[in-house]
Amino acid sequence: MASTGRFAGRVVLLAAALLLLVVALPARAAPAGQAADPPPPPPPNAVEEYILVKLKSGRIPPPLAGRLEPVVGRWYRLYPLPGETISQTWQFAAALNGVAQLSYDEQRQFVEPPAAPMAVMAATVDFPPDDPHFGRQWHMPQIGLEAAWGINTGTDVETGQGVVVAVIDTGIALGGPDGFCNPIHSEYNAITNQTGPGTAADGHTHGTHVAGTEEGYADNGIDDVSVAPDAQIMAVKVLANSGSGSLSDVAEGIRWAADHGAQVINMSLGSACASTWPTCSTTIVNDALAYAAAADVVIVISAGNDNRSFVGQPGNHPEALAVAATDYARNRAPYSNRGVALSLAAPGGNSAADLNDDTFSDGVLQETRQGGVWGYYYKSGTSMAAPHVAGAAALLRACVPEADRAAVRDMLEGYALDLGAAGKDTTYGYGFLQVDAALAGLAYAYGRDPEAQCAVTGAPPPCFTLATATEGPGTVAVEPPPDCDPDGGEPVEPTAYSSGTRLTLTATPEDGYIFGGWGGDANGKTNPLSLRITRPLTITGSFVLPPPELSLIF
């Protein structure tokens, strides 16, 4: 990130595309001396070069010594011997007492085409930062990014190092005009089992676009910005340049990231589900996600672009923050999945619309290399929504390093802007990402001052006031009653609340009127409105006459 001082004191292909996962098929190991069950028919697009073997314990059966390639936990790849068919390998492994489960390794493929690129002309912006394309990134101000930068930009306040975010995707391409503030933290190619510079290069376009939203260079006078520009990228390539990959590579990539210092993982990939977790899930990926969660990694995954009432897998896993996509108007994007597993909503865009009338697509703008050409492309999808949340998680981990993954998740969900039905719902989860509020809430909860770049104070959370107003005939009621007095006595300010207090605002119109929506420091029509306070708020409830009834005139 440029050290211009502009931040001092402030500071895929699920791009309308998904990957197809098929549930791994278990096999029963036969007692020694008995014939093993025949392998089931391979699922569509199965990888025939190997099978996945899950051992009953950490002990490798002697017949398999030297033949297994580790993936995650007790999962291994087993390749056929020369001249041996995959069916013979299956029969051999299934007959061993030390084997608990076998499966084919199903392919995951993008099932929707990428969004068409759109050229972007430089725009003049009259507010920080100085990146000329920031004016086109409508999605960044919506999540409270400018206020968040006044708290932290991704540098751990204790170590001075950027928080490490693993982008598990098609890899990362380097050499663009804008690029990344920090050098790549590390690279791993789970397809080739290689590590080191250049091994996780992106020959597609997806991973680079995703990484740019999370951690692209900002305030350098070039092009666009990201959510956490001072964080560090860990590039983990699990998808080939064609945009497809295997389940075992994804699981291996998750494990490698957790073992090599990832504090946040973003996976903008998945497949459609017609049921909830764990019915729609895959064991080897479930094991890998549990492994990463045990390593205190915040896991962010896109919800999927199938317009279904179920979150896709693996985003539906309980340890993941599943992210739905919204358009410019903060409505659910028409492609975004819904469901009980949703955690948050964030900008994913809609490349088919131009709701802000700026003559450009309402996709998410970011730098990437497409068809070998560097440019600034609008893409839409839950793939684009998830990195907003992953970048936000990096900011929270940087501000309060002592907070564990559960605390980070609680703040991201708890301070989200309530949209749709009151409270958590199946369209927006806990609501629309508000990184500035989540940052302040976490800082205050851990005795840090967000207005002093997360410095430790040890002081209790401060008091903040809530002022309500009405436009039109109606009333706004607030619960609970004020609870905060900075002097330790009775509340001296009749509308003072301690930071983090959850408030419920209920709008009640007078007879003949209807509730029109919220204004001021809240918006939308959710009623009652639930929110947590981390700064002084002024919220207005509007009440309007209902639209006239229409009737046929004969």
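Structure: above.
Residues numbered from 1 in each chain as written. Predicted model: local features only at pLDDT ≥ 70, side-chain atom pairs only at ≥ 80, totals over all residues. Heavy atoms only, no water.

Colleague: Break down the nonpolar core for me, with residues and values.
Modeller: In terms of nonpolar packing, the biggest core is built from 77 residues, with Val389, Leu396, Leu412 and Trp518 touching the most fellow members. If you tally residues by element for this core, the top one is helix 7 (residues 382-399), at eleven residues. Setting aside anything within four residues of it in sequence, one finds Leu412 in contact with Leu321, Leu344, Val389, Ala392, Ala393, Leu396, Leu433 and Ala438. If you look at the next biggest cluster of nonpolar residues, it comprises 36 residues, including Leu247, Ala258, Ile284 and Ile299. (Core = buried A, V, L, I, M, F, W, Y, C linked by side-chain atoms within 4.5 Å. Buried < 20%, exposed > 50% of the residue type's maximum accessible area, 1.4 Å probe, protein only. Helix = DSSP H or I, 4+ residues; strand = E, 2+ residues; numbered from the N terminus. Contact = heavy atoms within 4.5 Å.)

Colleague: Run through the sheet that holds strand 3 (residues 75-78), naming residues and quoting values.
Modeller: Strand order in the open sheet formed by four strands is 2-3-1-4, with antiparallel pairing between adjacent strands. A strand with exactly one partner marks an edge of an open sheet, and here the two such strands are strand 2 (68-72) and strand 4 (99-105). Here the average twist between neighbouring strands, direction ignored, is 30°. As defined by bridge partners, strand 1 (residues 47-55) adjoins strand 3 across four bridges and the pair is classed as antiparallel. The residue of strand 3 that forms the bridge with Leu52 is Arg77. Packed on one face of the sheet, helix 5 (residues 247-259) meets strand 1, strand 2, strand 3 and strand 4 and runs near 65° to strand 2. (Pairing = 2+ DSSP bridges. Axes fitted to C-alpha atoms, helices over the stretch in contact; angles between N-to-C directions.)

Colleague: Please give an account of the sheet that holds strand 7 (residues 186-189) that cites residues and values.
Modeller: Backbone-to-backbone hydrogen bonds pair the strands of a sheet. The strands run either parallel or antiparallel. Spatially, the eight strands line up as an open sheet ordered 8-7-9-6-11-12-13-14, and their pairing is mixed. The sheet terminates laterally at strand 8 (194-195) and strand 14 (342-347), the two strands that pair on one side only. When strand 12 (residues 298-302) meets strand 13 (residues 320-326), the two strands line up parallel, connected through four bridges. Residue pairing across strands places Val300 opposite Leu321, the latter belonging to strand 13. Across the sheet, helix 6 (residues 283-294) lies against strand 11 (264-267) and strand 12, angled at about 140° from strand 12, the strand it touches most. Contacts from helix 8 (residues 405-414) reach strand 12, strand 13 and strand 14 within the one sheet, and its direction differs from that of strand 14 by about 60°.

Colleague: Just give me the short version of the state of the cysteines, but keep the residues and values in it.
Modeller: On inspection of all chains with the given rule, the structure shows three disulfides. Through a disulfide, Cys399 is tied to Cys454; the S-S separation comes to 2.1 Å. Judged by the sign of its S-S torsion, about -110°, the cystine formed by Cys399 and Cys454 is left-handed. Of this pair, Cys399 sits in helix 7 while Cys454 is found in the loop between strand 17 (448-449) and strand 18 (455-456), placing the two residues 55 residues apart along the sequence. Judged by its relative accessible area of 0%, Cys399 is buried. Overall, Cys454 belongs to the buried group, its relative accessible area being 1%. Each sulfur in the disulfide pair Cys463 and Cys484 lies 1.9 Å from the other. Judged by the torsion about the S-S bond (-80°), the Cys463/Cys484 disulfide is left-handed. (Disulfide = S-S within 2.5 Å.)

Colleague: Mind laying out the packing of aromatic side chains, listing which residues take part and the relevant values?
Modeller: Within the structure shown, the criterion is met by eight aromatic pairs. Put simply, the rings of Phe515, Trp518 and Phe543 touch in pairs and so form one group of aromatic residues. Positioned above the aromatic ring of Tyr50 is the side chain of Arg77, whose terminal nitrogen or guanidinium carbon lies 5.6 Å from the ring centre. (Phe/Tyr/Trp six-rings, centres within 6.5 Å; stacked < 30°, edge-to-face > 60°. Lys NZ or Arg CZ within 6 Å of the ring centre and 35° of its normal.)

Colleague: Outline the environment of His204, supporting the account with residue identities and numerical values.
Modeller: Examined against the element boundaries, His204 turns out to sit in the loop between strand 8 and helix 4 (206-215). Given the relative accessible area of 16%, His204 is considered buried. Spatially, the C-alpha atom of His204 lies 9.5 Å from that of Thr368, the residues being 164 residues apart in sequence. A distance of 3.4 Å separates the side chain of His204 from the backbone nitrogen of His206, its partner in a polar contact. (Polar contact = N/O pair within 3.5 Å; in protein donor to acceptor, adjacent residues only side chain to side chain.)

Colleague: Tell me what's going on with unusual backbone geometry, and back it up with residues and numbers.
Modeller: The omega angle of the peptide bond from Trp277 to Pro278 is 5°, so this bond is cis rather than trans. Residue placement: Pro278 occurs in the loop between strand 11 and helix 6. Along the chain, Glu479 connects to Pro480 via a cis peptide bond; the corresponding omega equals 0°. As for its position among the elements, Pro480 is in the loop between strand 20 (474-479) and strand 21 (496-498). Even without a glycine there, the phi angle at Asn193 is positive, about 60°. Topologically, Asn193 is positioned in the loop between strand 7 and strand 8. Unusually for a residue other than glycine, Cys454 sits at a positive phi of about 70°.

Any functional reading would require information that these geometric values do not contain.
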